[in-house]
Structures are given as C-alpha cells and as structure tokens.
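# Chains, contacts and geometry: an overview
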Amino acid sequence: MLPFFTVLGLVFLSTLFVLLVINTNRKKFSKYSKRHVYARQSSHSKPTPRVGGLAIATGILSGALLSGYDIFALILWTTLPSFLVGLFEDLGPDTPPTIRLSVAALSAILAILVLNTFIDRVGVQVIDTFLSITIFGVAFTIFASTGMTHAINLIDGLNGLSSAVVISIMGSFGLVAYTFGHEDLFMLNAVVCVAFIGFLLLNFPNGKIFLGDAGAYSIGHIIAWNAIILAEREPDISPWAILLILLWPVFDTLFAIIRRFSTGESISKPD
C-alpha cells in the first residue's frame with residue numbers, strides 16, 4: 001500500500017490526464033452531445049463533452065488499485081452496470097428512463113448481495129420495526145440507492161454545482177469515517193474528493209465538460225453505499241445525521257418530483 005498522499009497525488013494526476021485527453025479531442029466528444037444542447041438542466045448553449053465520468057472513473061479506479069482496500073473493489077464492481085448504461089446514454093442514443101432506473105436498481109441489488117447489508121433503521125421506531133424485516137429493508141434500500149443514483153444527475157447542468165455538492169458530501173462522510181477510525185472509508189471519500197477536484201478544473205467556471213450520466217450515476221451509487229456502510233458499521237451514528245449530509249440532492253429530487261406532479265409533467269424528464 002502506497003502512502004496516503006502519494007495515492008491522492010496519483011489519483012489527481014490520472015484524473016487530470018484523462019480530462020486533458022478529452023479536452024484535446026473535445027470536438028470529437030462534443031458531437032455525441034448535440035442532442036443534449038437544449039436539455040432543460042443544462043446551462044450550456046453549445047455541444048459540450050458529457051464524458052467527465054470517464055475521468056472520474058479512472059481516478060477512482062486508480063485509488064482503488066493503489067490503496068489496496070477491499071471496499072473499493074466491492075463498491076466499484078456493483079457500480080459497473082450503472083456506469084455502463086450511463087456511458088451508453090452519453091455516447092449513444094437516448095435510453096428509456098425505465099431502463100436506466102432498472103439498471104440502477106440492479107446495481108443496488110448487487111451491492112446488497114456483495115456487501116451483505118441493507119438499510120434496517122431510519123431513526124423512527126415504527127418504521128425501523130418494518131425495516132428490520134428483510135424484505136422491507138431490502139426494498140427500501142433498493143429505492144434509496146436508486147434515488148441517490150439519479151439525484152446527482154439532476155444537478156449536472158450548472159458549472160461546478162455537481163462537483164461542489166459531491167466534494168461537500170464526500171468530505172463530510174470522510175470526516176465522520178476518520179472520527180470513527182474507518183481508514184478504508186476515509187480513503188474512499190478522500191479519493192473521490194480529489195478526483196472531483198481535478199474534474200472541477202475543467203467544469204468550473206467555463207464548463208468545458210459535463211459529468212455526464214456515467215459519472216453522475218456512478219458517483220450517486222457510491223455516495224449511497226458509502227452512507228449505508230457507514231451507518232451499518234456504526235450504530236451510534238444517527239440516520240438523521242446521514243440525511244443531513246445528503247440534504248441537498250435528496251431534497252432537490254423530492255422538490256423536483258413535487259413540482260412535476262403539481263404541473264402534470266413526467267417525473268422522468270430533466271428538470
């Protein structure tokens with residue numbers, strides 16, 4: 001295992017290298033984004049590469065290989081279906097929302113099986129009684145994981161917003177993990193933060209690249225399972241503290257759903 005700051009330095013450099021390759025070939029990557037120019041969540045007026053997820057994936061994978069922690073490999077394997085369907089959406093034709101939701105649910109199911117855990121408490125006794133029953137706990141976990149997977153995608157349109165939110169969330173979880181002595185989760189959060197700092201250099205303020213569906217779905221899944229694992233390991237951590245850290249994407253998604261229901265719009269469309 002390499003020293004902590006050496007790992008983070010290499011994560012930053014690997015992320016930045018892929019970003020520079022993408023930026024050098026931006027015309028080639030931008031042509032895949034023409035259909036997204038007028039996407040409602042986009043603040044861009046011309047085709048912009050939506051493959052920032054490739055750089056983020058490279059950085060996080062570098063951290064996984066260099067750090068040697070098993071938790072990296074386990075989470076990344078379960079993230080793969082969401083990453084692939086997102087990349088197909090970024091580079092290919094539009095994918096029906098039902099397929100993307102189904103694949104996100106598949107990633108959640110894989111995580112439940114591989115990590116052998118699910119959400120069994122939310123800090124409300126009546127609800128916790130139901131969640132302690134496996135079928136209800138598993139169903140709620142799939143719902144929560146799938147929701148977070150898509151929540152980050154809602155804010156990937158304004159330069160710097162998704163990056164800042166992810167860095168804030170993972171930085172907070174990293175602090176909690178460090179406080180409770182979970183070195184593997186602390187490293188996971190640190191690696192993600194550094195990868196997004198590298199991404200931020202091209203995403204803000206000029207918005208030369210989007211995170212894209214591959215990046216948004218993947219990091220949403222990682223955030224969800226980072227929270228679930230931390231809560232499962234430390235019963236003393238209040239679920240409400242976890243929710244507080246995740247407040248922005250959770251409430252942003254809820255408000256988007258409420259707005260769409262009130263206006264009669266489909267909840268599957270960009271916001």
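In every chain, residue numbers begin from 1 and rise along the written sequence. Only residues with pLDDT of at least 70 get local features here, since the model is predicted, and only at 80 or more are side-chain atom pairs given and counted; chain-wide, interface and lining totals rely on the full set of residues. Hydrogens and waters are ignored; side-chain quantities use all the structure's heavy atoms.

## A word on the nonpolar core
Stated precisely, the cut-off is as follows: Here, the term nonpolar core denotes a set of buried Ala, Val, Leu, Ile, Met, Phe, Trp, Tyr and Cys residues that are joined through side-chain atoms within 4.5 Å. Buried residues are those whose accessible area, probed at 1.4 Å on protein chains only, stays under 20% of the maximum for their type, while exposed residues exceed 50% and partly exposed ones sit between those limits. A run of H or I in DSSP becomes a helix once it reaches four residues, and a run of E becomes a strand once it reaches two; helices and strands are each numbered from the N terminus. In what follows, residue pairs with any heavy atoms lying within 4.5 Å of each other are defined as contacts.
Judged by nonpolar contacts, the single largest core of 62 residues is most densely connected at Phe72, Ile219 and Ile223. Going through the elements one at a time, helix H1 (4-24), helix H3 (52-67), helix H4 (70-91), helix H5 (97-115), helix H7 (134-154), helix H8 (161-179), helix H9 (183-203) and helix H10 (212-233) are the ones with two or more residues in this core. Residue contributions to this core peak at twelve residues, all from H9. In contact with Phe72, other than residues within four places in its own chain, are Ile60, Gly63, Ala64, Ser67, Asp184, Met187, Leu188 and Val191.

## Describing the confidence of the model for the protein
The condition is simple: Per-residue confidence from the predictor is reported as pLDDT, which spans 0 to 100.
Per-residue pLDDT for the protein has a mean of 86; in total, 89% of the residues score no lower than 70. Ranking the helices and strands of the protein by mean pLDDT puts H5 first, with 94, and helix H2 (residues 26-30) last, with 66. Taken together, the stretch residues 37-41 has pLDDT below 50 and engages in 14 contacts with residues farther than four places along the chain or on a different chain.

## Re the packing of aromatic side chains
Note the threshold: Stacked, tilted and edge-to-face pairs are distinguished by plane angle, under 30 degrees for stacked and over 60 for edge-to-face with tilted covering the rest, among Phe, Tyr and Trp rings (Trp via its six-membered ring) whose centres lie within 6.5 Å.
All chains considered together, the criterion is met by seven aromatic pairs. Aromatic side chains Phe4 and Phe5 sit 5.0 Å apart centroid to centroid with 80° between the ring planes, which places their arrangement in the edge-to-face category. Using a relative accessible area of 25% as the deciding quantity, one classes Phe4 as partly exposed. Looking at Phe5, the relative accessible area reads 68%, which means it is exposed. An angle of 75° between the planes, with centres 6.1 Å apart, marks the rings of Phe196 and Phe199 as edge-to-face. Of this pair, Phe196 and Phe199 both sit in helix H9, three residues apart, which is roughly one turn of the helix. Phe199 carries the same exposure label as Phe196, and that label is buried. Clustering of aromatic rings is evident, with ring pairs tying together Phe4, Phe5, Tyr178 and Phe186.

## Looking at a nonpolar patch on the surface
We count it as follows: Here a patch means residues that are over 30% exposed by relative accessible area and free of salt bridges, tied together within 9 Å if like-charged and within 5 Å if nonpolar (Val, Leu, Ile, Met, Phe, Trp, Tyr). In these tables, accessible area is a Shrake-Rupley quantity obtained with a 1.4 Å probe, and a residue counts as shielded only by the protein chains included in the view. Salt bridges are defined as contacts in which a side-chain nitrogen from Lys or Arg sits within 4 Å of a carboxyl oxygen from Asp or Glu.
Residues Val124, Val126, Ile127, Phe130, Ile133, Ile135, Phe136 and Trp240 make up a contiguous nonpolar surface patch of roughly 790 Å² in combined accessible area. It is helix H6 (residues 125-131) that provides the largest number of residues to the nonpolar patch, a total of three residues. Mapping Ile135 onto the fold places it in helix H7. Taking the relative accessible area as the measure of exposure, Ile135 reaches 61% and is therefore exposed.

## Overview of the side chain of Ser67
The condition is simple: Under the rule applied, a polar contact is a pair of N or O atoms within 3.5 Å (in protein, one hydrogen donor and one hydrogen acceptor; residues adjacent in sequence only if both atoms are side-chain atoms).
Of note, Ser67 is situated in helix H3. According to the relative accessible area criterion, Ser67 is buried, its value standing at 0%. A polar contact of 2.8 Å, which involves the side chain of Ser67, links it to the backbone oxygen of Gly63.

## A look at the pattern of salt bridges
Any two side chains of opposite charge can pair if their charged atoms end up close together. Enumeration according to the criterion identifies one salt bridge in this entry. Linking Arg233 and Asp184 is a salt bridge whose minimum nitrogen-to-oxygen distance equals 2.7 Å. Pair noted here: Arg233 is in helix H10 and Asp184 is in helix H9, with a separation of 49 residues, a long-range link. Assessed through its relative accessible area of 29%, Arg233 is described here as partly exposed.

## Regarding the packing of H8 against H9
Formally: Fitted lines through C-alpha atoms serve as axes, helices being fitted only where they are in contact, and the angles separating the N-to-C directions of these axes extend from 0 to 180 degrees. Angles below 35 degrees are treated as roughly parallel, those above 145 as roughly antiparallel, those between 65 and 115 as roughly perpendicular, and all remaining angles as oblique. Handedness of a crossing is defined here by the sense of rotation of the near helix relative to the far one, left-handed for an anticlockwise turn of less than a right angle and right-handed for a clockwise turn.
Following both chains from N to C, one finds H8 and H9 inclined at 160°, their axes separated by 8 Å at the closest point. Here H8 is positioned roughly antiparallel relative to H9, judged by the angle of their axes. Relative to H9, H8 is oriented so that their crossing is left-handed. Between H8, through Ser163, Val166, Ile167, Met170, Gly171, Phe173, Gly174, Ala177 and Tyr178, and H9, the contact on the second element is made entirely by Leu185, Phe186, Asn189, Val192, Cys193, Phe196, Ile197, Phe199, Leu200 and Asn203.

## What to know about helix H12 (residues 247-263)
Put simply, the rule reads: To estimate the expected span of a helix, subtract one from its residue number and multiply by 1.5 Å. This arc describes the spread of directions from the helix axis toward the C-beta atoms.
For H12, built from 17 residues, the straight-helix expectation of 24 Å at 1.5 Å per residue is met to within 8% by its first-to-last C-alpha distance of 24 Å. Taken residue by residue, H12 has Pro249, Thr253, Ala256 and Arg260 as its buried positions. Summarising the axial view, the buried residues of H12 lie within an arc of 60°, below the 170-degree limit, and thus occupy one face. Facing away from the buried surface of H12 by more than 90 degrees, the exposed residues are Trp248, Ile258, Phe261 and Ser262. Those residues of H12 hidden inside the fold are in contact with H7 and H8. Positioned one or two residues after H12, Gly264 has a phi angle of 80°, which is positive.

## Some words on unusual backbone geometry
Within the chain, Asn116 stands out as a residue other than glycine whose phi angle is a positive 55°. Looking at the element boundaries, Asn116 is found in the loop between H5 and H6. By relative accessible area, which is 67% here, Asn116 ends up exposed.

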